[in-house]
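Understanding the architecture of this molecule
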Amino acid sequence: MDVTNDELIQAVFAATAEAKHRALAILEGKELPVENNDPLLLRMGEAAELLNVSRATLWRTIRAGRLEKIELFPGSYRLRRSDVVALANGKAVSRG
């Protein structure tokens, strides 16, 4: 979808303060955008790639309690995309 500069400027002026801060963080590379059509669960390799770490580092992060793995069936694990994105954005992940 192509957006004209005029449309972009109008959207900025109409946006809430929170939306402006989030958009600026995304544009500066400080935060990852979340797409509505992204999968809810990521395979370990996908999560490691998104975090730009090795799979070994990802598993250390899980063992340290910074991410929670989900076991789909014995030996098959996934991570919540929202948790991985929150960790990448520097936010602590906490579950119940």
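Below you will find a few notes about this structure.

1. With respect to the layout of surface pockets
Space inside the largest pocket adds up to approximately 230 Å³. Lining the largest pocket we find Leu8, Ala11, Val12, Ala15, Ala19, Lys20, Ala23, Leu24 and Leu27. Sorting the residues of the lining of the largest pocket by element identifies α1 (5-14) and α2 (17-27) as the ones contributing at least two each. It is α2 that provides the largest number of residues to the lining of the largest pocket, a total of five residues.

2. Details of the pairing of strand β2 (residues 69-73)
As paired strands, β2 and strand β3 (residues 76-80) are joined by four bridges and run antiparallel to one another. Bridge pairing in β3 links Glu71 to Tyr77.

3. Overview of the packing of helix α3 (residues 44-51) against helix α4 (residues 55-63)
Taken N-terminus to C-terminus, the directions of α3 and α4 make an angle of 95 degrees; their axes are 9 Å apart at the nearest point. Between α3 and α4, the interaxial angle falls into the category roughly perpendicular. For the pair α3 and α4, contact is made by Met44, Gly45, Ala47, Ala48 and Leu51 and by Arg55, Leu58, Trp59 and Ile62, respectively. Here the residues of the contact of α3 with α4 sort into seven nonpolar, one polar and one charged.

4. Thoughts on unusual backbone geometry
Despite not being glycine, Asn52 has its phi angle at roughly 60 degrees, a positive value. Here Asn52 is to be found in the loop between α3 and α4.

5. Quick look at the packing of aromatic side chains
For the structure on display, the rule yields one aromatic pair. Taken together, a centroid distance of 5.7 Å and an interplanar angle of 85 degrees make the contact between Trp59 and Tyr77 edge-to-face. Highlighted residues: Trp59 in helix α4 and Tyr77 in strand β3, separated in sequence by 18 residues. Looking at Trp59, the relative accessible area reads 24%, which means it is partly exposed.

6. Regarding the nonpolar core
By size, the foremost hydrophobic cluster in this structure holds 11 residues: Leu42, Met44, Ala47, Ala48, Leu51, Leu58, Ile62, Leu67, Leu79, Val84 and Leu87. Contributing elements (two or more residues each) for this core: α3, α4 and α5 (81-88). Per element, the largest residue contribution to this core is four residues, and it comes from α3.

7. Thoughts on a nonpolar patch on the surface
A cluster of nonpolar side chains, contributed by Leu40, Leu41, Leu72 and Phe73, occupies part of the molecular surface with about 420 Å² of accessible area. Mapped onto the elements, Leu41 comes out in strand β1 (residues 41-42). The class for Leu41 is partly exposed, based on a relative accessible area of 33%.

8. Some details on the sheet that holds β2
What the three strands build is an open sheet, ordered β1-β3-β2; its pairing is antiparallel. Taken across any chain shown, the strands that pair with only one partner, and hence form the sheet edges, are β1 and β2. Judged from the two bridges that link them, β1 and β3 form a sheet pairing that is antiparallel. Directly across from Leu41, in β3, lies its bridge partner Arg80.

What counts, and where the lines are drawn
Residues numbered from 1 in each chain as written. Predicted model: local features only at pLDDT ≥ 70, side-chain atom pairs only at ≥ 80, totals over all residues. Heavy atoms only, no water. 1 Å grid on protein atoms, 1.4 Å probe; cavity = no way out; pocket = protein on both sides within 12 Å on 5 of 7 lines; lining within 4 Å. Points joined across faces, edges and corners; volume = space filled by probe spheres on them. Helix = DSSP H or I, 4+ residues; strand = E, 2+ residues; numbered from the N terminus. Pairing = 2+ DSSP bridges. Axes fitted to C-alpha atoms, helices over the stretch in contact; angles between N-to-C directions. Parallel < 35°, antiparallel > 145°, perpendicular 65-115°, else oblique. Contact = heavy atoms within 4.5 Å. Nonpolar A, V, L, I, M, F, W, Y, C, P; charged D, E, K, R; others polar. Phe/Tyr/Trp six-rings, centres within 6.5 Å; stacked < 30°, edge-to-face > 60°. Buried < 20%, exposed > 50% of the residue type's maximum accessible area, 1.4 Å probe, protein only. Core = buried A, V, L, I, M, F, W, Y, C linked by side-chain atoms within 4.5 Å. Patch = residues over 30% accessible without salt bridge, like charges linked within 9 Å, V, L, I, M, F, W, Y side chains within 5 Å. Areas by Shrake-Rupley, 256 points an atom, 1.4 Å probe, with all protein chains shown as cover. Salt bridge = Lys/Arg side-chain N within 4 Å of Asp/Glu carboxyl O.

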